[in-house]
Amino acid sequence: MSVPDTVHSLWTVAASSTTQTIPTPHIEYGQLSPMLAVFGAAALGILAEAFLPRRNRYWAQIGIAMAGLVGAFVAVVVLAAQGYAGTKAHLAAMGAVAVDGPSLFLQGTIVLIAVVSVLGFAERHLEPRSSTGAPVDAFAPQAATVPGSDAEKSAARSGFATTEVFPLTMFAVGGMLLFPAASDLLTMFVALEVFSLPLYLLCALARRRRLLSQEAAVKYFLLGAFSSAFFLFGLALIYGYAGTVSIGGIADVVSGTATPTPALANTTANDALLLIGLAMLGVGLLFKVGAVPFHAWTPDVYQGAPTPVTGFMASATKVAAFGATLRLLYAAFPGVTWDWRPVLWGVAILTMVVGAIIAVTQTDVKRLLAYSSIAHAGFILTGVIAMNKAGVSAVLFYLGAYSFVTLGAFAVVTLVRDAGGEATHLSRWAGLGRRSPLVAATFALFLLAFAGIPLTSGFAGKFAVFQAAASSGATPLVIVGVLSSAVAAFFYIRVIVLMFFSDPRPDGPTVAVPSAFTATAIALGVLVTLGLGILPQYFLHLADQASVFVR
Amino acid sequence: MDNLIPVLVGLPLAGAAVLLLGGRRLDRFGHWLGVLASTASFGVGLVLFFDMLSRSTAQRPAFEHLFTWVPVAGFQAQVGFQLDQLSVVFVLLITGVGSLIHLYSVGYMAHDERRRRFFGYLNLFLAAMLLLVLADNYLLLYVGWEGVGLASYLLIGFWQHKPSAATAAKKAFLVNRVGDIGLSVAIMLMFSTFGTFAFGPVFGAAHTASQGTLTGIGLMLLLAACGKSAQVPLQSWLGDAMEGPTPVSALIHAATMVTAGVYLITRSSAVFNLAPTAQLATVCVGAVTLLFGAIVGCAKDDIKKALAGSTMSQIGYMVMAAGLGPIGYVFAIMHLVTHGFFKAGLFLGAGSVMHGMNDEVDMRRYGGLRKHMPLTFVTFGLGYLAIIGFPGLSGYFSKDKIIEAAFAHGGTEGWILGTAALVGAAVTAFYMTRVMLMTFFGEKRWQPDAEGHEPHPHESPSTMGIPMVVLAVGSVGAGALFAWNSSFVKWLTPVTGHDEGHSPLSSWTVSGITFAVIALGVLVAWTMYGRQPVQATPPVGSLLTRAARRDLLQDDFNHVVLVGGGQHLTRFLVYLDAKGFDGVVNGIAAAVGGTSGRMRKLQNGYVRSYALSMFGGALVLVATTLLMRAV
């Protein structure tokens with residue numbers, strides 16, 4: 001048969017098979033309820049935005065978002081209690097979504113992060129009130145107005161608020177819940193886009209320094225799209241290799257236990273496709289976690305985005321992306337560990353070293369935290385590389401611990417303000433400890449947790465990942481990790497020294513008194529940081545129980 | 001009866017607690033409370049001694065376990081006591097002489113405002129010293145060891161308003177630390193080797209340890225002994241310790257504490273017997289110290305410092321004897337006890353002289369005191385005859401036996417040690433005769449002191465006189481009592497073992513030679529200080545004399561070698577730290593900072609270069625992944 005004939009026959013076969021029935025997909029709504037609750041809240045939020053009068057939207061949106069998140073968390077807990085994290089773990093929605101230990105653990109973590117983030121988004125006490133006396137939040141009054149234009153000014157005067165941030169956040173959270181649970185690559189890609197697009201928008205919504213904010217959003221969008229392309233390309237190559245996009249199916253082909261699809265006989269088990277595809281999927285994921293050399297967006301975006309969004313992004317995105325990375329490497333590609341492991345070694349070392357070293361000369365507190373998050377991505381990668389059960393549980397623990405420190409730290413950043421908004425230049429923080437000992441001490445606690453000082457969650461997390469890596473024979477990686485931690489400790493402690501041992505500047509920033517929302521967020525951050533630092537055992541045990549992937 | 005053993009320690013400890021915490025309301029009668037605690041302890045000691053005497057040899061050692069101090073898996077620190085033939089000798093010496101000196105102090109310290117505190121410290125010392133000799137393990141012994149060190153420090157510096165006393169206390173404390181480190185290292189070695197530090201198990205298992213370990217333990221114990229017993233090279237503190245009140249010098253720095261080193265070596269005989277190298281080091285230390293102390297004693301004009309040199313020398317005899325092994329242990333202890341009597345007596349005599357002479361200590365300002373202080377003269381004189389080894393008195397029995405044992409050691413070593421001991425005996429006779437002549441004979445040389453008070457030498461009160469008389473009796477009779485029927489040897493042999501050895505010279509020959517050299521020493525001293533008047537100002541003297549006046553340059557040596565060396569070492573370390581380590585650290589910091597500054601230029605803000613770096617990164621990732629398969 002000639003080539004056109006083959007194509008024609010494919011067509012005709014497709015056309016003639018209309019009589020075949022596609023079975024109705026069986027959807028386990030109960031098991032998907034965490035995502036459904038959040039997506040439901042997002043859809044409701046859109047409706048509220050469309051139909052509620054402007055003055056009612058703020059409280060309504062908060063109520064809807066919180067209800068969705070609380071519902072999602074309850075659903076996660078119930079599912080875990082029913083045994084879906086262990087013995088009953090299985091693939092739901094026709095094999096598209098894995099309901100297993102890591103999924104539920106990460107979903108629970110993400111939902112809690114979202115709760116704290118929404119509290120931060122709802123803060124309206126920090127910005128001075130608009131001329132109408134309406135309290136305003138950290139977001140642009142009307143996102144579509146040109147920065148500096150009359151339209152913007154009038155929107156600001158009228159006390160408008162972009163309450164769309166709440167449904168946007170809910171969509172992002174929904175995508176993030178799906179991302180680490182996705183059990184086929186296409187679902188994973190869809191989830192990636194579902195949580196990325198709202199984040200691009202959220203980044204652009206800062207009330208102050210809008211140009212910087214919009215620049216950040218555009219950069220994030222362009223580079224994010226670029227990385228998504230890599231992910232999609234890798235997905236296609238893997239399909240070419242395995243003839244399937246399901247995680248379990250890929251794993252079977254890699255291990256040679258599956259019978260290849262006849263139509264793809266030429267490409268199946270072509271290792272070049274596998275390796276290139278794997279590397280390209282890796283690019284997409286490493287971009288999201290902010291690993292070197294795919295980290296360049298991090299400082300610019302973290303700095304430009306509204307600070308509550310930065311906190312949300314820095315924590316929740318990392319959790320979701322690392323969750324998906326774990327699933328990909330542990331569930332789909334354990335058979336080619338020896339191919340990707342050396343590469344990830346290099347990435348981890350580069351990420352830890354570059355993150356820690358560049359952070360040393362940063363002068364902006366948000367950029368400092370951005371580089372710190374890069375270095376932390378490297379630390380987490382050492383746990384990923386361990387390739388054992390301890391590695392999974394260590395990474396899960398680290399993600400939970402790190403997220404709350406990050407949320408707390410960025411929440412504190414929103415409090416230190418001067419006439420231009422947040423005073424993020426480090427020199428402005430000099431002597432803060434003399435003026436506002438409580439805020440400075442809180443920030444110092446978060447910095448110590450970042451540095452991994454004992455009795456904070458950072459120490460327990462670092463210890464867990466390094467222990468897992470060392471037990472898998474990655475001792476050199478651990479040594480680099482410890483040395484990088486030493487370098488990192490320098491710039492964390494430098495900030496503490498700056499806050500407590502320098503004289504306050506006469507024109508220094510003031511510390512705004514937040515509403516109960518931000519106060520609760522910071523208090524939760526402190527509580528989790530100390531709790532996981534002093535009594536890590538319960539949470540470590542939980543992570544340990546939740547560390548088996550279902551395929 | 002055995003449960004009385006803790007009471008021995010408890011009585012003075014309670015006395016110390018009451019006296020030190022009781023406050024001023026005890027000032028009036030506190031000193032008598034101290035005397036009571038000490039005497040009661042002596043009484044209990046006597047009861048236990050007679051109880052032990054009534055038992056058969058095998059039944060004599062008594063053990064009393066009080067409680068477990070630190071129970072940690074394999075590390076079991078017990079507070080337990082062991083009263084055997086060796087401990088009981090010490091108990092009687094410590095509490096007996098201690099009680100006498102407590103009594104003496106009542107008179108001696110009568111005019112001191114802080115007398116109550118002084119008695120508190122004395123009681124504390126007794127408790128610590130008793131703990132030291134009664135402990136049934138090295139860790140508890142160490143507690144007592146540190147306790148006597150503390151008491152010694154407090155008592156040397158008792159007159160802390162005098163800078164010299166404060167300095168002397170500090171010096172004693174510091175030098176003793178060196179020895180204490182030896183003891184702690186020895187205990188650690190024992191624990192790591194035997195898994196225990198209790199006497200019984202350690203001695204029982206000693207033969208299983210390697211020669212190197214045993215030598216190490218032995219040498220560390222010797223270092224400890226050197227510190228506490230003022231043996232070369234840790235001898236420098238004893239002379240300065242005479243800054244303390246004279247009763248302290250008599251009790252702690254002559255009769256009891258300074259002999260703790262001899263006790264330690266004798267108690268550890270099971271270890272030393274198996275470590276010939278450590279034994280050799282011990283006899284060398286003893287021989288060198290006995291000559292060193294004797295030479296220093298010859299040159300001092302300060303009566304207490306002359307006696308301190310003598311103490312050092314006499315303990316040198318004991319250490320040497322203990323180093324000789326089974327042929328010497330018994331005589332080391334026997335000399336220790338007789339020395340306890342006569343040296344305490346001599347010090348109390350010196351204190352009595354000072355008491356009568358407005359605290360003058362320079363013997364060149366004494367002279368002819370025998371007419372003014374007849375009781376002191378007689379008791380001091382009996383102590384003098386005892387220490388030089390006049391036949392029939394205490395020192396004769398104990399010291400001659402040591403000299404004999406030194407010869408019996410055999411070989412060239414035996415001859416060298418024996419000769420050193422004989423020379424020491426001659427020099428002892430010389431300096432003690434010198435002290436005697438300068439103090440009690442000749443013309444009076446005393447002068448008004450700075451404020452114009454002419455001293456009026458007078459006999460001391462009876463609280464001071466009685467102890468002196470009792471100690472003089474001991475100085476005369478103790479030796480004969482011990483030698484009678486070899487009772488002392490038989491008493492201690494079950495603990496320390498005893499071996500007659502084979503002396504190349506007969507007992508009588510040794511005694512004869514010893515008597516001859518003693519007579520020579522006395523004669524030379526008489527020629528120099530008896531036949532011609534003593535000059536009120538010291539002559540320039542020979543090079544050796546001048547060196548001996550400076551304690552044979554011990555402080556100069558320590559200053560140049562240890563202090564100077566230490567300072568150079570610290571300067572070197574500071575330099576190394578500043579230039580080396582800080583340099584490396586700062587260099588790394590600068591390198592990190594520099595790298596950081598260069599690397600942040602990559603973050604130029606252009607999204608196109610970010611995309612390029614991502615693309616490059618993706619290429620590298622893909623290439624590396626493929627390459628990994630290829631290799």
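Rules used in this analysis
Residues numbered from 1 in each chain as written. Chains lettered and ligands numbered in written order. Predicted model: local features only at pLDDT ≥ 70, side-chain atom pairs only at ≥ 80, totals over all residues. Heavy atoms only, no water. Helix = DSSP H or I, 4+ residues; strand = E, 2+ residues; numbered from the N terminus. Buried < 20%, exposed > 50% of the residue type's maximum accessible area, 1.4 Å probe, protein only. Contact = heavy atoms within 4.5 Å. Salt bridge = Lys/Arg side-chain N within 4 Å of Asp/Glu carboxyl O. Polar contact = N/O pair within 3.5 Å; in protein donor to acceptor, adjacent residues only side chain to side chain. Nonpolar A, V, L, I, M, F, W, Y, C, P; charged D, E, K, R; others polar. Axes fitted to C-alpha atoms, helices over the stretch in contact; angles between N-to-C directions. Parallel < 35°, antiparallel > 145°, perpendicular 65-115°, else oblique. Left-handed = near helix turned anticlockwise from the far one by under 90°. Pairing = 2+ DSSP bridges. Patch = residues over 30% accessible without salt bridge, like charges linked within 9 Å, V, L, I, M, F, W, Y side chains within 5 Å. Areas by Shrake-Rupley, 256 points an atom, 1.4 Å probe, with all protein chains shown as cover. Core = buried A, V, L, I, M, F, W, Y, C linked by side-chain atoms within 4.5 Å. pLDDT = per-residue confidence, 0-100. Expected span 1.5 Å × (residues − 1). Phe/Tyr/Trp six-rings, centres within 6.5 Å; stacked < 30°, edge-to-face > 60°.

Attention now moves to the overall build of chain B. Looking only at helices and strands, chain B features 24 helices and two strands. Within chain B, the proportion of its 631 residues that are buried is 54%. At a minimum sequence separation of 6, the contacts of chain B that also span at least 24 residues come to 80%.

Side-chain pairs of opposite charge can arise whenever the charged atoms involved come near each other. A complete count under the given rule lists 29 salt bridges over all chains for this structure. Two residues, arginine 629 of chain B and aspartate 339 of chain A, come together in a salt bridge whose shortest N-O distance is 2.7 Å. One end of the pair, arginine 629 of chain B, is in helix α24 (residues 607-630); the other, aspartate 339 of chain A, is in helix α13 (residues 337-360), on a second chain. For arginine 629 of chain B, a relative accessible area of 35% gives the class partly exposed. Overall, aspartate 339 of chain A belongs to the buried group, its relative accessible area being 6%. The partner of lysine 300 of chain B in a salt bridge is aspartate 551 of chain B, with the nearest N and O atoms 3.1 Å apart. Of this pair, lysine 300 of chain B sits in the loop between α13 (276-299) and α14 (303-323) while aspartate 551 of chain B sits in the loop between α22 (543-549) and α23 (554-599), placing them 251 residues apart in sequence. A relative accessible area of 15% means that aspartate 551 of chain B is categorised as buried. Several salt bridges share partner residues, and in doing so they unite Glu215, Lys219, Asp300 and Arg367 of chain A into one network.

Right, let's get into the interface of chain A and chain B. Each side of the interface is counted separately: chain A has 37 residues, and chain B has 24 residues. Linking chain A to chain B there are two salt bridges. Salt-bridge contacts for arginine 629 of chain B lead to aspartate 271 of chain A; the nearest nitrogen and oxygen are separated by 2.4 Å. Linking chain A to chain B there are 11 residue pairs in polar contact (both at pLDDT 80 or more). Within the residue set of the side of chain A that touches chain B, elements represented by two or more residues are α8 (210-242), α10 (271-289), α11 (297-304), α13 and α14 (365-385) of chain A. By residue number, the principal contributor to the side of chain A that touches chain B is α10 of chain A, which donates nine residues. Looking at side-chain class alone, the side of chain A that touches chain B contains 27 nonpolar, four polar and six charged residues.

Moving on, we get to the side chain of serine 105 of chain B. With respect to the element layout, serine 105 of chain B can be found in helix α3 (residues 85-108). For serine 105 of chain B, the contacting residues outside a window of four places in its chain are Ala110, Phe118, Phe119, Leu122 and Pro247 of chain B.

Now for the packing of helix α8 (residues 211-228) of chain B against α13 of chain B. Think of two packed helices as two axes; the pair is described by the angle between the axes and how far apart they sit. All names here are of chain B. Viewed as axis vectors pointing N to C, α8 and α13 meet at an angle of 20°, and their least axial separation amounts to 7 Å. Regarding the angle of α8 to α13, the classification is roughly parallel. Of the two possible hands of crossing, α8 and α13 adopt the one that is right-handed. Residues Gln211, Thr215, Gly218, Leu219, Leu222 and Cys226 of α8 touch α13, and the partners they reach there are Pro276, Thr277, Ala278, Ala281, Thr282 and Val285. The residue inventory of the contact of α8 with α13, partitioned by class, reads seven nonpolar, five polar and no charged.

Next up on the list: the sheet that holds strand β3 (residues 416-418) of chain A. Within a sheet, neighbouring strands are paired by backbone hydrogen bonds and run either parallel or antiparallel to one another. Residue and element names in this part refer to chain A. Spatially, β4-β3-β5 is the arrangement adopted by the three strands of the open sheet, whose pairing is antiparallel. Only two strands of the sheet have a single partner each, and these edge strands are β4 (421-422) and β5 (510-511). Two strands pair when backbone bridges link them, and β3 and β4 are joined in this way by two bridges, in the antiparallel orientation. Looking across to β4, one finds that arginine 417 is bridged to glutamate 422. Each of β3, β4 and β5 is contacted by helix α15 (residues 389-415), which is oriented at about 25° to β3, the strand it contacts most.

Further remarks concern a nonpolar patch on the surface. Residue and element names in this part refer to chain B. On the surface, a cluster of nonpolar side chains totalling about 470 Å² of accessible area is made up of Phe557, Val560, Val561, Leu562 and Val563. By the secondary structure assignment, leucine 562 is in helix α23. Residue leucine 562 is classed as exposed on the basis of its relative accessible area of 56%.

This brings us to the nonpolar core. Where a protein is soluble and globular, its nonpolar side chains tend to be buried together. Phe179, Leu185, Phe333 and Phe443 of chain A are the most contacted members of the largest nonpolar core, which has 200 residues in total. In this view, phenylalanine 443 of chain A contacts Val365, Ala409, Val412, Val413, Trp429, Val495 and Met499 of chain A; residues no more than four positions away in its chain are not counted. Membership of the second largest hydrophobic core comes to 187 residues, among which are Ile303, Tyr329, Tyr366 and Leu492 of chain B.

What follows concerns the confidence of the model for chain B. Model confidence for chain B is summarised by a mean pLDDT of 91, while 100% of its residues fall at 70 or above. Overall fold confidence for the complex sits at a pTM of 0.64, while the interface term, ipTM, reaches 0.89.

In an α-helix, one turn spans 3.6 residues, which is why side chains three or four residues apart end up on the same side. Residue and element names in this part refer to chain B. Between its first and last C-alpha atoms helix α16 (residues 374-388) spans 21 Å; for 15 residues at 1.5 Å apiece the expected length is 21 Å, and the two agree. Of the positions making up α16, those classed as buried are Thr376, Thr379, Phe380, Gly381, Gly383, Tyr384, Ala386, Ile387 and Ile388. Those residues of α16 that are buried are in contact with α14, α15 (329-356), α17 (394-408), α18 (411-440), α19 (462-483) and α21 (507-530). The positive-phi residue at the C-terminal boundary of α16 is glycine 389, with phi of around 90°.

Below, the discussion takes up unusual backbone geometry. In this structure, proline 293 of chain A follows valine 292 of chain A across a cis peptide bond, with omega equal to 5°. Structurally, the position occupied by proline 293 of chain A is in the loop between α10 and α11. With omega at 10°, the peptide bond leading from valine 232 of chain B into proline 233 of chain B counts as cis. If you trace the backbone, proline 233 of chain B turns up in the loop between α8 and α9 (236-240). Notably, alanine 93 of chain A is not glycine yet its phi reads approximately 50°, a positive angle.

Turning our attention to the packing of aromatic side chains. All names here are of chain A. For the structure on display, the rule yields 44 aromatic pairs over all chains. An angle of 85° between the planes, with centres 6.2 Å apart, marks the rings of tyrosine 302 and phenylalanine 410 as edge-to-face. Taken as a pair, tyrosine 302 in helix α11 and phenylalanine 410 in helix α15 lie far apart in primary sequence, 108 residues in all. Summarising the burial analysis for this pair, tyrosine 302 and phenylalanine 410 share the class buried. With a centroid separation of 6.0 Å and an interplanar angle of 40°, the aromatic rings of tyrosine 330 and phenylalanine 549 are classed as tilted.

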